[in-house]
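One-letter residues, chain by chain:
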Amino acid sequence: MIEQPAYTGFGFSDEEWGLLVGLPQSVLTAASAAESDGARRTRAENAAGLETIAAGRESASPLVAAVAGEIVSRVGDPEAGEELPVISPADPQALIDDVLVRAGQAATLLAAKVDEGEAGAYRHWLVEIADQVVGAASSGGLLGLGGDQVSDSERKFRDRLSHVLND
């Protein structure tokens, strides 16, 4: 007997599952790109985002736990000391806009395929990832001192994501 992929139990196609599995890491990258912070701060943001993604494996939501488990199996486990590579998009605003469009697509997909509890848990998890990333390192300041914990552009991304997801 051939074992079916885990996502078929949720009723998703391969393409739909790809959207749901790819989105959390894209949210992390877009949240980090919302403010140009420098390599050290970006690494801190990536670490916070990956930890939040990995924590999803312990979610009460089977969907979030499955998505988080698949992401960690692909990119590495922060508990094992693994880190994401720092990604500096050539056009941060285009990346942010793309992530927001895909987040809207995911919200529509979830509304059609899973109950509100599962959909809400996934949407909330994405906003939590963004929240942890934007709060991981202060922006601005001088020589790493001072600055805002969450910049206006970071807050704007997080708020737009929350609005798109109705979370």
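The paragraphs below set out a description of the structure included in this document. (Residues numbered from 1 in each chain as written. Predicted model: local features only at pLDDT ≥ 70, side-chain atom pairs only at ≥ 80, totals over all residues. Heavy atoms only, no water.)

1. Some points on the overall build of the protein
In terms of regular secondary structure, the protein is built from six helices and zero strands. If you list the helices and strands of the protein from N to C, you get α-α-α-α-α-α. Evaluated residue by residue, the protein yields a buried proportion of 44% over its 167 residues. In the structure as shown, the protein presents an accessible area of about 8500 Å², 51% of it carried by carbon and sulfur atoms. (Helix = DSSP H or I, 4+ residues; strand = E, 2+ residues; numbered from the N terminus. Buried < 20%, exposed > 50% of the residue type's maximum accessible area, 1.4 Å probe, protein only. Areas by Shrake-Rupley, 256 points an atom, 1.4 Å probe, with all protein chains shown as cover.)

2. So, the pattern of salt bridges
Counted under the stated rule, the structure contains 10 salt bridges. Of the charged contacts in the structure, one is a salt bridge between Arg160 and Asp97, with a shortest N-O distance of 3.6 Å. In this pair, Arg160 is assigned in helix α6 (residues 152-165) and Asp97 in helix α4 (residues 92-113), connecting sequence segments 63 residues apart. According to the relative accessible area criterion, Arg160 is partly exposed, its value standing at 32%. Here Glu116 ties to Arg123 by a salt bridge, and the two come within 2.7 Å at their closest N and O atoms. For Glu116, a relative accessible area of 54% translates into the label exposed. Because the salt bridges share partners, they merge into one network encompassing Arg57, Asp77 and Glu79. (Salt bridge = Lys/Arg side-chain N within 4 Å of Asp/Glu carboxyl O.)

3. Examining the packing of helix α1 (residues 14-33) against α6
At a minimum axis distance of 8 Å, the contact between α1 and α6 shows a crossing angle of 150 degrees. As judged from the angle between their axes, α1 and α6 are roughly antiparallel. When α1 is examined against α6, the residues Val27, Ala30 and Ala31 are found in contact with a partner set consisting of Glu154, Phe157 and Leu161. Taken together, the residues of the contact of α1 with α6 break down into five nonpolar, no polar and one charged. (Axes fitted to C-alpha atoms, helices over the stretch in contact; angles between N-to-C directions. Parallel < 35°, antiparallel > 145°, perpendicular 65-115°, else oblique. Contact = heavy atoms within 4.5 Å. Nonpolar A, V, L, I, M, F, W, Y, C, P; charged D, E, K, R; others polar.)

4. Structural notes on the layout of surface pockets
Space inside the largest pocket adds up to approximately 190 Å³. Contributing to the lining of the largest pocket are 14 residues, with Ala33, Ser36, Thr42, Ser88 and Pro89 lying nearest its centre. Of all the elements in the fold, those that place two or more residues in the lining of the largest pocket are α1 and α2 (39-55). Per element, the largest residue contribution to the lining of the largest pocket is three residues, and it comes from α1. Tallied by class, residues from the lining of the largest pocket come to six nonpolar, six polar and two charged. (1 Å grid on protein atoms, 1.4 Å probe; cavity = no way out; pocket = protein on both sides within 12 Å on 5 of 7 lines; lining within 4 Å. Points joined across faces, edges and corners; volume = space filled by probe spheres on them.)

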